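What follows is the residue order along each chain.
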Amino acid sequence: PPPPIGRLHGLTLVEFLVVLAIVSILAAIATPSFLRQIERSRLESAAEAMYQVFRQARVANVRHSRDVYVLVDTGTNWKVWVSPESTCANRVPTEPCLLENIKLTSDDHANLSLSVSPGSLQTVTVDYRTGRYVDNANPTNTLPLTFTLTSASGSQLTVQAMPSGQIRLCDPGAGTTTRYPSC
């Protein structure tokens, strides 16, 4: 039957509060998962950008027909950039220490830290003659040069520059993600 004249249909306060409670519970359940996914996405974006820095260094190496250098500063205020010189007095990715604007910094990828292995690694030579990645502090090193990005929650992704000249993006957590192979 039609409602009596003067009465409006709508939600009662109790019905509204029940709906609000259900929505709040669902949001509380979904938020942590959503935040982890955002953090993981940021980590993947930074690791893929790091991988591209090494690829672009190789291209610049061939384009300029000479050795180029990947300079690295680690920690929470990290930076990685390609330079025409192995040493730069100011260690800042700007001219003349920056080649073809190839750089990556913590300013671009907040809340991530960068560590390297071996720990003394600060400069990687991209050898023009052989295409190899060489640790300037230890040129006879035959182990991969490892650049590990770590998120605030401890998730990690690693870029490995192999002495053979190959570059690899991998997950040191062995199975924490299915997108990248285990290191």
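Cut-offs and rules
Residues numbered from 1 in each chain as written. Predicted model: local features only at pLDDT ≥ 70, side-chain atom pairs only at ≥ 80, totals over all residues. Heavy atoms only, no water. Patch = residues over 30% accessible without salt bridge, like charges linked within 9 Å, V, L, I, M, F, W, Y side chains within 5 Å. Areas by Shrake-Rupley, 256 points an atom, 1.4 Å probe, with all protein chains shown as cover. Salt bridge = Lys/Arg side-chain N within 4 Å of Asp/Glu carboxyl O. Helix = DSSP H or I, 4+ residues; strand = E, 2+ residues; numbered from the N terminus. Buried < 20%, exposed > 50% of the residue type's maximum accessible area, 1.4 Å probe, protein only. Pairing = 2+ DSSP bridges. Core = buried A, V, L, I, M, F, W, Y, C linked by side-chain atoms within 4.5 Å. Contact = heavy atoms within 4.5 Å. Axes fitted to C-alpha atoms, helices over the stretch in contact; angles between N-to-C directions.

Novice: Explain a nonpolar patch on the surface to me, please; I cannot follow it from the model alone.
Specialist: A cluster of nonpolar side chains, Leu 11, Leu 13, Phe 16, Leu 17 and Leu 20, forms an exposed patch at the surface whose accessible area comes to about 530 Å². Among the structural elements, Leu 11 can be located in the segment before helix H1 (13–63). Taking the relative accessible area as the measure of exposure, Leu 11 reaches 63% and is therefore exposed.

Novice: What is the right way to read the pairing of strand E2 (residues 79–83) from this model?
Specialist: Every regular strand shows the same layout, with side chains that alternate between the two sheet faces. A large share of E2 lies buried, amounting to 5 of its 5 residues. Going residue by residue along E2, you find Lys 79, Trp 81 and Ser 83 tucked away on one face and Val 80 and Val 82 tucked away on the opposite face as well. Examined bridge by bridge, strand E1 (residues 68–73) and E2 share 5 bridges and lie antiparallel to one another. The partner of Tyr 69 across the bridge, within E2, is Ser 83. In this structure, the hairpin formed by E1 and E2 is closed by a connection of 5 residues, where Gly 75 is found at a positive phi of approximately 105°.

Novice: What exactly am I supposed to notice about the nonpolar core here?
Specialist: Nonpolar side chains in soluble globular proteins generally cluster together in the buried interior. Residues Met 50, Phe 54, Val 70 and Phe 147 are the most contacted members of the largest nonpolar core, which totals 33 residues. Those elements that provide at least two residues to this core are H1, E1, E2, strand E4 (112–117), strand E5 (123–126), strand E7 (145–151), strand E8 (156–161) and strand E9 (167–170). Per-element tally for this core: the top contributor is H1, with 8 residues. In contact with Val 70, other than residues within four places in its own chain, are Phe 54, Ala 57, Val 80, Trp 81, Val 82, Gln 122, Thr 123, Val 124 and Val 126. Tyr 69, Leu 71, Cys 88 and Cys 97 belong to the second-largest nonpolar core, a separate cluster that totals 6 residues.

Novice: How should the sheet that holds strand E6 (residues 133–135) be read in this particular structure?
Specialist: The strands making up a sheet are joined through hydrogen bonds of the backbone, oriented either antiparallel or parallel. Pairing within the open sheet is antiparallel, and its 5 strands lie in the order E3-E2-E1-E5-E6. On the outer flanks of this sheet lie strand E3 (103–105) and E6, each paired with one strand and no other. Put simply, the sheet's adjacent strands are angled 20° from each other on average, direction ignored. Direction of pairing for E2 relative to E3: antiparallel, over a ladder of 3 bridges. Bridge pairing in E3 places Lys 79 opposite Thr 105.

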